[in-house]
Amino acid sequence: MKKFNSILLIDDDKATNEFHKIIIGLANVTDTVHAVQSGQEGLDYLTSKGCYNSKENSYPQPDLIFLDINMPAMNGFEFIEEYDKISDDQKGKHLIIMLTSSLNPDDKNLANKTTHIKDFLSKPLTKEVVLNLRDKYVSEL
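A brief structural summary. If you're wondering where the values come from, they're calculated on a predicted model, not measured in any experiment.

### A closer look at the pairing of strand S1 (residues 7–10)
- Of the two faces of S1, both are covered, the one formed by Ile-7 and Leu-9 as well as the one formed by Leu-8 and Ile-10.
- Judged from the four bridges that link them, S1 and strand S2 (residues 33–36) form a sheet pairing that is parallel. Paired with Leu-8 across the two strands is His-34, which belongs to S2.
- Regarding topology, helix H1 (residues 14–27) serves as the crossover connection from S1 to the parallel S2, and that connection is right-handed.
- In this structure, S1 lies alongside strand S3 (residues 64–67), joined through four bridges in parallel fashion. Among the inter-strand pairings, Leu-9 is bridged to a residue of S3, identified as Phe-66.

### Thoughts on the pairing of S3
- Neither face of S3 is left uncovered, since the one carrying Leu-64 and Phe-66 and the one carrying Ile-65 and Leu-67 both have all their residues buried.
- By the bridge criterion, four bridges tie S3 to strand S4 (residues 95–100) in an arrangement that is parallel. From the neighbouring strand, Leu-64 faces S4, where its bridge partner is Leu-95.

### Focus: the pattern of salt bridges
- Evaluation of the coordinates by the stated rule reveals seven salt bridges.
- Residue Lys-85 is joined to Glu-82 by a salt bridge in which the shortest nitrogen-to-oxygen separation is 3.0 Å.
- According to the relative accessible area criterion, Lys-85 is exposed, its value standing at 62%.
- Arg-134 is the partner of Asp-135 in a salt bridge, and the nearest nitrogen-oxygen pair spans 3.0 Å.

### Focus on the environment of Lys-108
- Note on placement: Lys-108 falls in helix H5 (residues 105–113).
- The class of Lys-108 is partly exposed, set by a relative accessible area of 42%.
- When the C-alpha atoms of Lys-108 and Glu-41 are compared, they prove to be 24 Å apart, with 67 residues separating the residues in sequence.

### Concerning helix H6 (residues 127–137)
- Within H6, the full set of buried residues consists of Val-130, Leu-133, Arg-134 and Tyr-137. End-on, the buried residues of H6 take up no more than an arc of 100 degrees, which puts them together on one face. For H6, the exposed residues lying more than 90 degrees away from the buried face are Glu-128 and Asn-132.
- In this structure, the buried residues of H6 make contact with H1, S3, S4 and strand S5 (117–122).

Criteria and cut-off values
Residues numbered from 1 in each chain as written. Predicted model: local features only at pLDDT ≥ 70, side-chain atom pairs only at ≥ 80, totals over all residues. Heavy atoms only, no water. Buried < 20%, exposed > 50% of the residue type's maximum accessible area, 1.4 Å probe, protein only. Helix = DSSP H or I, 4+ residues; strand = E, 2+ residues; numbered from the N terminus. Pairing = 2+ DSSP bridges. Right-handed = clockwise from strand over helix to strand, strands pointing away. Salt bridge = Lys/Arg side-chain N within 4 Å of Asp/Glu carboxyl O. Arc of directions from axis to C-beta. Contact = heavy atoms within 4.5 Å.

Shown next as structure tokens:
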């Protein structure tokens, strides 16, 4: 079965990131999972800036990004606004899944209207959800 090349987790809660790393590992859908704790750190990772500075002009290209909505400083929707501004060679082809504990229907409606967001899911991830995402999206890559 085909796997994702890598997955990026963007969530301000370190424990949630660690739990999701374990679930993704159990699902065996990728060999590489990277987690960051803010939208800005996610952008820095994707563009090789800040502590992710790259001298080779190469950019990480995770196939799948799990993005939290409610984060301090830059929420998930603000991340998407900034993500739109980065160049295509830095962006690559990412599937962005909004992963949230929000029960606000406005969040889901906004996510459904946002071009880059492929899916809107509730936390926490489960092995079955991760396997379903692989089956649904890995062929698009």
